[in-house]
Structure formats: C-alpha cells, structure tokens
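Letter by letter, the chains look like this.
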Amino acid sequence: MQEKYIPAEIERAARTHWQATAADRALEADDKPKYYCLCMFPYPSGKLHMGHVRNYVIGDVLARYHRMLGENVLQPMGWDAFGMPAENAALANKASPADWTYQNIDCMKQQLQLLGLSIDWRRELTTCRPEYYRWEQWLFTRLFEKGLIYKKLGAVNWDPVDQTVLANEQVIDGRGWRSGALVEKREIPMYYMKITAYAEELLSSLDTLTGWPERVRLMQKNWIGKSVGVRLAFPFEQDGETQKLWVFTTRADTLMGVTFVAVAAEHPLAARAAENTPELAAFIEECKKGSVAEADLATMEKKGMPTGLFARHPLTDEKIPVWVGNYVLMRYGEGAVMAVPAHDERDFAFAQKYGLPIKQVIGAANETFSLDGWQEWYGDKSRAVCVNSGKYDGLAHAAAVEAIAADLAKLELGEREVQWRLRDWGISRQRYWGCPIPIVHCEQCGDVHVPDNELPVRLPENVDITGAGSPLAKMPEFYETTCPKCGKPARRETDTLDTFVESSWYFLRYACPDNDEAMLDTRVEYWCAGGIDQYIGGIEHAILHLLYARFFTRLIRDAGLIRLAEPFKNLLTQGMVVAPTFYRRDANGKEQWFNPAEVEIKTDERGRPAGATLKVDGQPVVIGGIEKMSKSRNNGIAPQTLIDQYGADTVRLFMMFAAPPDQSLEWSDVGVEGAYRFLRRVWKLAHTHVRRGVTAASSGNAGLTESQKDLRRKLHQTINKTRDDYGRRQQFNTAIAAVMELLNACDKTDLSDAAGHALAQEAFEAVALMLFPIVPHIGQTLYAELKPGADAARAAFPQADPDALAQDEVELMIQVGGKLRGSLTIAAHADKTAIEAAALNSEAAQKFMDGKPAKKVVVVPGRLVNIVV
RNA sequence: GCCGGGGUGGCGGAAUCGGUAGACGCAGCGGAUUCAAAAUCCGCCGCCGCAAGGUGUGAGGGUUCGAGUCCCUCUCCCGGCACCA
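Residues numbered from 1 in each chain as written. Chains lettered and ligands numbered in written order. Predicted model: local features only at pLDDT ≥ 70, side-chain atom pairs only at ≥ 80, totals over all residues. Heavy atoms only, no water.

Notes on unusual backbone geometry
Look at the link from L455 to P456: it is a cis peptide, with omega at 0°. A positive phi angle, near 50°, is found at D239, a position not held by glycine. Residue placement: D239 occurs in the loop between β10 (226–238) and β11 (241–249). Even without a glycine there, the phi angle at D317 is positive, about 70°. Residue classification places D317 among the partly exposed residues on the basis of a relative accessible area of 48%. (Helix = DSSP H or I, 4+ residues; strand = E, 2+ residues; numbered from the N terminus. Buried < 20%, exposed > 50% of the residue type's maximum accessible area, 1.4 Å probe, protein only.)

Below, the structure is given as structure tokens:
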C-alpha cells in the first residue's frame, strides 16, 4: 500500500475497476428488490455547476448505499436538451443551437464521469433527439384525438419592437430584454392540455405520497387550489333584456355586504361599457400593458374605474355599481368578483381609495364595527356570525353560505360550485429549439394530427436565429406540406412544445431507451413498480415539474401503456448552493462583481471577517450578500478546478458534510481543505494498520480491555447511526460526523495488543464501507488493501452486533428547578424509585435544593431527573 | 401581493418523539516537532465574570416540572407564482 494519499491515481484505478466489472449496470432481475434512484436530469448549459454536483452526489450516495443493502439499483442519466438558452447562445455566438447543445453534453458528460457516479450510461437519453421526441409526438396525437389537447386563445408577452413573444424571464421591469420596449399582453391561439380534468385526482392522491416532504405536498395542494363556494349572478338590464353578471365567491355569507362588483379589463361587459366612454377605453388599454406574470399582476398598484353600469343585488334588488378593476383576473372564476369591503382586505383598500361604501355584515351582536378594527372581524370564525343581514342574522359562516345559496338557487341566481386555481397547461411556444407540434392546418379539414407513419416530425437543425419571430415560421421547407386527410396543400404547425413536456415523462423512458417500436414496454413495469424509489432534485421544482410529471404519468396510464399513477414514491428536495459575493461600484454606480477565488478575506485576531481585498491589486472590495451561485453575481466556483486539485472524493465529501441535503449549502474553500485533510488522515491511519499487517477482524468482545469494549460499542453504535442516516433520515453530514468521532476514539484507544489489532481491523473495514457511498474511490481502495481481493462495490453494508452495544451503566443529568446542576452514573437497569433516591442524595441536589423539600421529581429514563422545589 | 420554507458561537452545522444547547468540522489562540517553514500531533475555544455563578437558539408574549423544538404576534432572509429550467 502507498504511504501517500494520491487521489488522481486511486480514482483512476477505481473507475477502471468499476468499468471492467460492470459495477453500475442495471439489469432486470427478480432475485432481489429493485431500487430505481433518479436525479433530475440537467439542462446542458455548458459546464457542470455546483448545484449539479450536489444533486448527483446525493443520488449516488443513496444508489451506492442501497446496492450495499443488496438491492438491484438503477441510476440513469440524460439530458433535458431543448430550451431557450440554446437559442440565446446561437444569437450571441452564431453557433447552431444543436451544435451548441451537443458540445455541452459532451463536456458535461466527461465531467460527470470524473465524479465517480455509479450511473448506467447505456441508458443515457437526450430529449432533442428524434428517437426521444417522436414518442412525445406520438403521445400528443393520442391525447389530441381524445380531446385532452385543445386550442384556445392565451395571453403572452408581446414585444412590439422585435415583433416577438417573450418569456417572462425576458421581461425586465415591464420591458423587452433586447429592445427595451414596453411589453404588452397579446392573445394568440395556443394548444392546451386539460390538466384540470385530473385536478381532483392530482389533489386527492397527494395524501398517498407519504415519502414526499410535507411542504411540497402542501405547495401542490395550494397550487391546485380547490375551493368550494357559490357561483351567483347580479342581474342587469341591457338592450331591454335582463342579463346576468356572474361571480364566484367562497364567502357567500357576506353577500349582504356587497357594495360594488368589479370585472376584469378583458371582461365583455367592460368592453361594451367602453364603447361610449373614451376614458374607460383608455383605462382598459392601460391594463394591457405589462407582462402576463402573476407576480407582476399581483404587486402592481390596484386601480379601477366605474363602468357607469349598475347591476342589481340578487337578494335585495339594491343598485350595485359595476367597476373595472386591474386586479380582477379574467382566467379565474368568472372574471368578475363581488366586493365586500368590510371583510376583504383588498376590497377594503379599493373602497377607501375610490370612496365606495363599506357595510359590515359579519360580527357579534354586542360589538360594533370600526374601520380600524376590520381585520379583527375578517376571518375570526369564533365571533363570525351574520349581522345587518336581515333574515340571516346570527347564522355562522357555513350555515349562512348554505341558507344564502338555497335562496339564490330558488331565484335561479346562484348555485354551489367548486372552483380550481389550477388552470389548463398552455404548451405552445413560438420558439425554434423545441419539439415540433405534430399538427397540420388544412383549410378544409381544420387541425389534423400527423399520422404515426409520418412521425417523427423532425426539427431542422440548420436554422437562422435572429431573435425576432419564430424561425420555423420563416422556413417554407418546414411548414409547406399536404393534409394527411385530404392530400391538399396545407401548413404545418410552426410552434414547438413547452420544454416541460419532455421532462414530464423521461423517467419512464430510462427503462427502455433503446425501444424504437414503442414509447414504453414491460421493463417500465419492472423498474417503476410502486413508483420510482427515490427522486432527487431542487426545491425550485416543487410545483410545476413535479405536478406535470404526476399529470403525464396519469395520461400515459390512461393511454393504457402503464398501470402506475404516482411516478415518485420518495422525494428528496435538495437546497441550493450559495456563495458570498464581492463587488466594487464604478463611477456610474454600476457594480462590478468579483469571483470569490479572486478575493482575499482579512480576519481580525479572533478570526472574524474584517474586510476583503482583490488579490491582483490589494485594494478593498465590498462584501455583498450570500447568494445562489450565478453568472450575474460572478460567485460561481467551477467544480472541475476542485476535482483537479483535490480529487472527486474530497469534493463529494465536502458537499455531503457541509449541510444536510435539503438545506442550502454555503460554499467554503477552507471547508474543502478540511475534507481533504480528513481523507488524508483516514488514509494514514489505514496505512499504519496495514503496515502492521492485516489480520482477521474481531467478532466479539472476548479478550478486550474495558476501553477497547467502549471503542467496540462506539463502532457498532456508529454502524447503526450511519444506517439510520443513509436510509431513514437521508442526512449525510451527521453520518460523516459519526465516522469522524469513531476515528477520534480509535486514535485515543490503546490497540497495541493482539485483541486490539483485531479490533482495529474490524473498525477500519467498517469505516471503509461506511464511507464508501460518499467517497467511493478511497473506500474501494482502502477496503481492498484491508481485505485483499475484496470489492467494496459488491460488499454488504456493516451490521451492528447487539453484544457490542450492551451497556452496564448510564449517565443521567440532574436538574433542580429545570436548571442543570450535575450528573449521576447509575446501573442501566435501575428503576424509577432507585433513580429518584440516588438523585435526591446526590451532592448537586443537596447543594441546590437549599434544604427545601422536593415538591415533585420528574424522572426521564436514560435522560435526566428534574427535582422541583 | 399570494403560497411554502428558514433564522442556533467568528463560520458551516448538531441536538431524530418537549428532556445535557453548540456534536462534528472550519477559522482562531497556546504548545510540541523543525535550523526554519509546510505538514503533523497535543490543548483551549458561546457571551459576561477572578470565581461562585449568571446568561444565551431573529424580537416579543404564552403553554409546561422542563421549550431551539409546541401555540400566538412581529421581523428579516430564501424558493415558487404557470413562457428560466
């Protein structure tokens, strides 16, 4: 065995060994339980970043651990290869999106392989390849036939200068990112997927996802947003006829407090009222400015204008003014809301601003309403009964809703209704680098889907990207075609699919990426039975991607291809990788950002940071916040540099040690140094042992001294701890800390006799295997040195020996009045009475009880005794 | 704005079911080794205090024998908001 730890050498050798023994290959086999471990596939953006490394190392730790439990593990990898950055790169560098993407994939694949991930690369898939997207198009045609895909108008961000549709990301402060022009909302025809048809199922089966973080389930639940309420109508006269203005409300109990109705700017009633009112028409026009993003709509100033129209209250016949409000969303509910300023914060602000009346209808009989205290009334169910509401007075929320709904139903002015916040998924994109939509527009036959034998509709790869308009719409060789039904000249659809579509089913295709006859086959049933065993990815995907994937799995189930409904049995949402930022402000007040690698941090005599300077000029820089690693803040650290310097194991160890997987991880250069130091220490200790001579590991406590027994207990406690941390808790930082503690204990125990030597052998073998999932290269190498001929990649995870764990005495803490005052060592089997007596007799108790009698003694077995005086 | 999450030493974090706050590591300080340095090894290390002790988990309040953990109010930070992926 080499005396020195040389990562580059042992990592190369370990990778060669795994390749030669096909250690990562996943074959369908029934002799052991399967474990499908999946990480969210990357977008091939160029180089691997720290977020990728973190994601894939977490996945690899779990994959390797489960292999050591004797499971049949599949860990695949692929490329989410369609998307906007390829088009942006094409604009900037004149490279084709396809070339750019494929080059990035080559580069990132090479980097991934250096990390020592146990991936079955034979299953690699790339979504921009026709072999992949042809099946997406095939499924599209099935869904189109079923009516689960349909066409309607949808709002997009329109850049009037570049004459192009912008993504929300490309709208900055209401302006186009390239042109700087004020962005407008524009309605264009688009294809939609009927995800709302599955709303009920997507909501109710969230309860079955017990392997998901509670917060993700809650976010999905709120996103789907089922609300039970009442759809009710305010009648109004138009052209001599009685029309109905419908609204949806979950607070029908406040109906008697309505003082106005507000409609969206796009509401037909607003358009009609604007015909003779230029100011209103101008206001509606103004509402069209700005982006379509929900966050922008919700944070803008609430504005409104009266339409001059009046409707009648459905129960009192009172005249109710109709307003246009920029905060009313056309796409939710009826595009109109009833306003109850006394009991809704937003209505209240609006009423105050425009001097509209406020009428309290919820409260308690003996309390009076004041404008200052309205928040107290709103939502306080304990006091909330109807007041000032005629026959409904005294009714509580649910009863009032019931009574009012019943009365409205008799008048045919209302009915109970369920509303969803979830809306259908618009999948059309006016972009080039995406999966072509397999539809042909025929003047005679309408929208006709492309037949199976003409699939895939290939995306041309040599294309001219200009940044204005859709490139495919400028390529007659692409869009000129004939109708599959009547054979007459027709025009091919030039929009492409939302890239979320590719990532909604790729996890199924890993089971059979080589099948060119069918989208999926029986191998999916094997690998996905009961769901993918572990899915790992960023928390930022908690809603959209995961919801779409759940939706698609059901679509594919209902197409008869699989039986699965929920794709991901267990979900681990990983935190972000963040790093400090450093900048200087130039004369124009613009920040110039410096990479942490270029900056030197000064500390005071106690190690507190006290300023930073730029290495090249020694002049100070401003220390900014700790933010997600990004190009814009120049605070990214390239993983490759660190792998070159320290080896993959050090990078893996640091990433797993610095924070638990679901928390954000702060990058630290000196922390990496510490991880490297630990691996060197492990290597050195093992080397010293191996030089003394490998031997048979001890298998019991026979012949051990007391301190050696303590060490052996610690060893077996550590085995239990690491099993729990890898398996149940998925918290790897504490597993590493436990092994560090064990090594510290080994160092402090006299192992010079023969029994000690055997115990050292037992401990080092276990340490190599316990660390193997996290640092596989060094784990592989050390295990083979300790046990010549042994292969850690095929070894079982150590198991604790119950005899080693047994303990005669335990230490209990003594508290007096809840304050820690001392401790007590007592036989492990001592009962409560004995513990109580021993505690009362202890020096600590005597001293702090001050001669007063004990009022109460609380004994927590194995933990503490609290004496209350 | 709405939905979700978080705030613990100089720093990353630990405390798993309400029971020893600060495991483990980093930084720092002191020492050994060395011609010297690097590396390594040993010791100290929340804050106040000479000590006894007091105090301490974003702020304020509450429940409890006992609260970082549960409840209420507030505050700051982060993620998502349907065309970034």
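Some details on the protein's contact with RNA strand B
Taken together, 78 residues sit near RNA strand B, with N168, R431, K721, R728 and N866 positioned nearest. Counting only atoms of RNA strand B within 4 Å of the protein, the sugar-phosphate share comes to 66%. In this structure, M84 approaches RNA strand B through a main-chain N or O atom, which is 3.0 Å from a phosphate oxygen. Contact between RNA strand B and A658: a sugar or linking oxygen at 2.6 Å from a main-chain N or O atom of the residue. (Near = heavy atom within 4 Å. Polar contact = N/O pair within 3.5 Å; in protein donor to acceptor, adjacent residues only side chain to side chain.)

Here we look at the packing of aromatic side chains
This structure, assessed with the given rule, holds 34 aromatic pairs. Their ring planes at 15° and their centres at 4.0 Å tell us that Y535 and F568 sit as a pair that is stacked. Within this pair, whereas Y535 is found in strand β26 (residues 534–538), its partner F568 is found in the loop between α17 (544–558) and β27 (571–574), the two being separated by 33 residues in sequence. Neither residue differs from the other here; Y535 and F568 are each classed as buried. (Phe/Tyr/Trp six-rings, centres within 6.5 Å; stacked < 30°, edge-to-face > 60°.)

Details of the pairing of β27
Side-chain alternation along β27 places L571 and T573 on one buried face and L572 and Q574 on a second face that is also buried. Bridging between β26 and β27 involves four bridges; their strand directions are parallel. Each residue of the ladder has a partner; that of I536, found in β27, is L572. Considered for its hand, the β-α-β crossover made up of β26, α17 and β27 is right-handed. (Pairing = 2+ DSSP bridges. Right-handed = clockwise from strand over helix to strand, strands pointing away.)

Focus on empty space enclosed by the protein
A water-sized probe, rolled over the atoms, reveals where empty space remains. All told, the structure shown has three cavities of 30 Å³ or more when counted by the stated rule. In this model, the largest cavity occupies a volume close to 220 Å³. Lining the largest cavity are 21 residues; nearest its centre among them are E87, T164, Q170, R431 and G467. Going through the elements one at a time, α3 (84–93) and β6 (164–166) are the ones with two or more residues in the lining of the largest cavity. Ranked by residues supplied to the lining of the largest cavity, first place goes to α3 with four residues. Across the lining of the largest cavity, the residue classes break down as nine nonpolar, seven polar and five charged. Estimated volume of the second largest cavity: approximately 50 Å³. Taken together, E136, L139, F140, L143, M193, I427, L497, V501 and F552 make up the full set of residues lining the second largest cavity. Here the residues of the lining of the second largest cavity sort into eight nonpolar, no polar and one charged. (1 Å grid on protein atoms, 1.4 Å probe; cavity = no way out; pocket = protein on both sides within 12 Å on 5 of 7 lines; lining within 4 Å. Points joined across faces, edges and corners; volume = space filled by probe spheres on them. Nonpolar A, V, L, I, M, F, W, Y, C, P; charged D, E, K, R; others polar.)

Considerations on the packing of helix α19 (residues 648–657) against helix α20 (residues 669–692)
Helix-helix packing: each pair is described by the crossing angle between the helix axes and the interaxial distance. For the pair α19 and α20, interaxial distance at closest approach is 8 Å and the crossing angle is 115°. As for how α19 packs across α20, the hand of that crossing is right-handed. Counted together, D649, T650, L653 and F654 of α19 and G671, V672, A675, Y676, F678 and L679 of α20 form the full contact between these two elements. Residue classes in the contact of α19 with α20 are distributed as seven nonpolar, two polar and one charged. (Axes fitted to C-alpha atoms, helices over the stretch in contact; angles between N-to-C directions. Left-handed = near helix turned anticlockwise from the far one by under 90°. Contact = heavy atoms within 4.5 Å.)

What about the confidence of the model for chain A?
Within chain A, residue pLDDT values average 91, and 96% of them lie at 70 or more. A low-confidence stretch, residues 369–381 (pLDDT under 50), is modelled with 26 contacts involving residues beyond four sequence positions or located in other chains. The ipTM, which scores confidence in the relative placement of chains, is 0.96 for this predicted complex, and the corresponding pTM is 0.94. (pLDDT = per-residue confidence, 0-100.)

Describing the side chain of H687
Within the element layout of this structure, H687 appears in helix α20. Leave out the neighbours within four places in its chain, and H687 touches M1, Q2 and E3.

Remarks on the pairing of strand β13 (residues 304–312)
In the case of a regular strand, side chains alternate between the two sheet surfaces. Pairing geometry for β13 and strand β14 (residues 319–325), over six bridges, is antiparallel. When the sheet's bridge partners are listed, F310 is paired in β14 with P321. Between the antiparallel neighbours β13 and β14 lie six residues, among them D317 with a positive phi of about 70°.

Examining the side chain of H66
Here H66 lies in helix α2 (residues 50–68). For H66, a relative accessible area of 11% translates into the label buried. Those residues in contact with H66, other than ones at most four positions away along the chain, are Y35, E71 and V73.

Here we look at the environment of V599
Locating V599 in the fold gives a position in strand β30 (residues 599–603). For V599 and I623, which are 24 residues apart along the polypeptide, the C-alpha to C-alpha distance reads 9.9 Å.

Points about the sheet that holds strand β1 (residues 34–39)
Pairing within the open sheet is parallel, and its four strands lie in the order β2-β1-β26-β27. In the strand order of this sheet, the two ends are held by β2 (72–74) and β27, each with one partner. For this sheet, the mean angle separating the axes of adjacent strands, direction not counted, is 15°. Taken together, the three bridges between β1 and β2 define a ladder with parallel strand orientation. From the neighbouring strand, Y35 faces β2, where its bridge partner is V73.

Section: the state of the cysteines
This model, assessed by the stated rule, comprises zero disulfides. The thiol sulfur of C37 is not disulfide-bonded, and the nearest other cysteine sulfur, from C39, lies at 5.7 Å. With no disulfide of its own, C528 has C512 as its nearest cysteine by sulfur position, at a separation of 8.9 Å. (Disulfide = S-S within 2.5 Å.)

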